[in-house]
Amino acid sequence: MDIGAPAPAPRPVIEARNVSKSFGHVEALKDVSIELLAGETHALVGDNGAGKSTLAKIIAGAIRPTSGHVLLDGELVDFAEPVEALRAGISTVYQNLALIGCRSIAANLFIGREPTRFGFVQRRVMNREARQMLADLRQMNISDIHANVEDLSGGQRQAVAIARGVHLGSRVVVLDEPTAALGVRETRGVLELIQSLKSEHRTTLVISHNLAHVFELADRITVLRGGTKVGTVHREATDSDEVVKMITGTLL
């Protein structure tokens, strides 16, 4: 069901259509469809084991669905690996962050895509862009881009991963629990950054257990339960009590 939807809706930037995913005998997703519209912030919510991260990984090209399809601008795509999704402008920040602890902040921000000229890394350019990327993350208090990631706090590591993901995601940014390891001040900086993506007409999919953040950020909210889609609701047409009932299965 799609509750309170205005008409007409624009064509989705990216869409998962009737997607299912099995790991052996375990069905992680069962016939799930979701549309992400241009410039919207879309929240994906549900209890642990609902299938949220699995769906994000399918969109990001990290895993392939057992059945169903992913469409980009209305055309079928089959991402064999995340780098193909990145080339299409889709970036994902996972909960495990995927950072290299023994490398500097600047190096982590540009791993695999260092600016070069005549075969040499342009470190001055890389450092300048790294400073700007971190400056976009308000309230983060990270000043030394040459510090190794292993020496950072958990919240600072999260900030580096988010800065990299936002910089890479020219069209779609997928954030899996982006504020989970952050303090109050750092959380505010990430929320402001996510809000700023809308002004840049970028699409954001936010996976979160924090319904206060969801209702602050999201235009629409999709609820998964037990690997199935319960529904998609527009923020203005619902409230947190209804979304909790959808998550727990108590909505009449």
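Residues numbered from 1 in each chain as written. Predicted model: local features only at pLDDT ≥ 70, side-chain atom pairs only at ≥ 80, totals over all residues. Heavy atoms only, no water.

Caption draft 1: Local environment of the side chain of threonine 203. Along the polypeptide, threonine 203 turns up in strand S11 (residues 203-207). A distance of 2.8 Å separates the side chain of threonine 203 from the backbone oxygen of leucine 37, its partner in a polar contact. Those residues in contact with threonine 203 that lie beyond four places of it in its chain are Val13, Leu36, Leu37, Ala38, Gly39, Glu40, Arg171, Val172 and Val173. (Helix = DSSP H or I, 4+ residues; strand = E, 2+ residues; numbered from the N terminus. Polar contact = N/O pair within 3.5 Å; in protein donor to acceptor, adjacent residues only side chain to side chain. Contact = heavy atoms within 4.5 Å.)

Caption draft 2: Local environment of the packing of helix H5 (residues 154-168) against helix H6 (residues 184-199). As a packed pair, H5 and H6 sit with axes 11 Å apart at the nearest point and diverge in direction by 10 degrees. Taken together, the axes of H5 and H6 are roughly parallel relative to one another. On H6, the residues touching Gly155, Gln156, Ile162 and Val166 of H5 are Glu186, Val190, Leu193 and Leu197. (Axes fitted to C-alpha atoms, helices over the stretch in contact; angles between N-to-C directions. Parallel < 35°, antiparallel > 145°, perpendicular 65-115°, else oblique.)

Caption draft 3: Fine view of helix H4 (residues 123-135). Here H4 spans 18 Å end to end across 13 residues, near enough to the 18 Å set by a 1.5 Å rise per residue. Taken together, the buried positions of H4 are occupied by Met126, Asn127, Ala130, Met133 and Leu134. With its buried residues spanning 125 degrees around the axis, H4 presents them on a single face. In this structure, H4 carries Arg124 and Arg128 as exposed residues pointing more than 90 degrees from its buried face. Against the buried residues of H4 lie helix H3 (105-109), strand S9 (120-121) and H5. (Expected span 1.5 Å × (residues − 1). Buried < 20%, exposed > 50% of the residue type's maximum accessible area, 1.4 Å probe, protein only. Arc of directions from axis to C-beta.)

Caption draft 4: Expanded view of helix H8 (residues 240-248). Along H8, the residues that are buried comprise Val243, Met246 and Ile247. End-on, the buried residues of H8 take up no more than an arc of 100 degrees, which puts them together on one face. Those residues of H8 that are buried are in contact with strand S4 (41-45), helix H7 (211-217), strand S12 (220-225) and strand S13 (228-234). Positioned one or two residues after H8, glycine 249 has a phi angle of 80 degrees, which is positive.

Caption draft 5: Representation of the pattern of salt bridges. Summed over all chains, the structure comprises 8 salt bridges. Note that glutamate 200 and arginine 202 form a salt bridge whose closest N and O atoms lie 2.5 Å from each other. Of the charged contacts, one joins glutamate 236 and arginine 235 as a salt bridge, the two residues approaching to 3.6 Å between their closest N and O atoms. You can call glutamate 236 exposed: its relative accessible area is 62%. (Salt bridge = Lys/Arg side-chain N within 4 Å of Asp/Glu carboxyl O.)

Any link to function would need more than the numbers given here.
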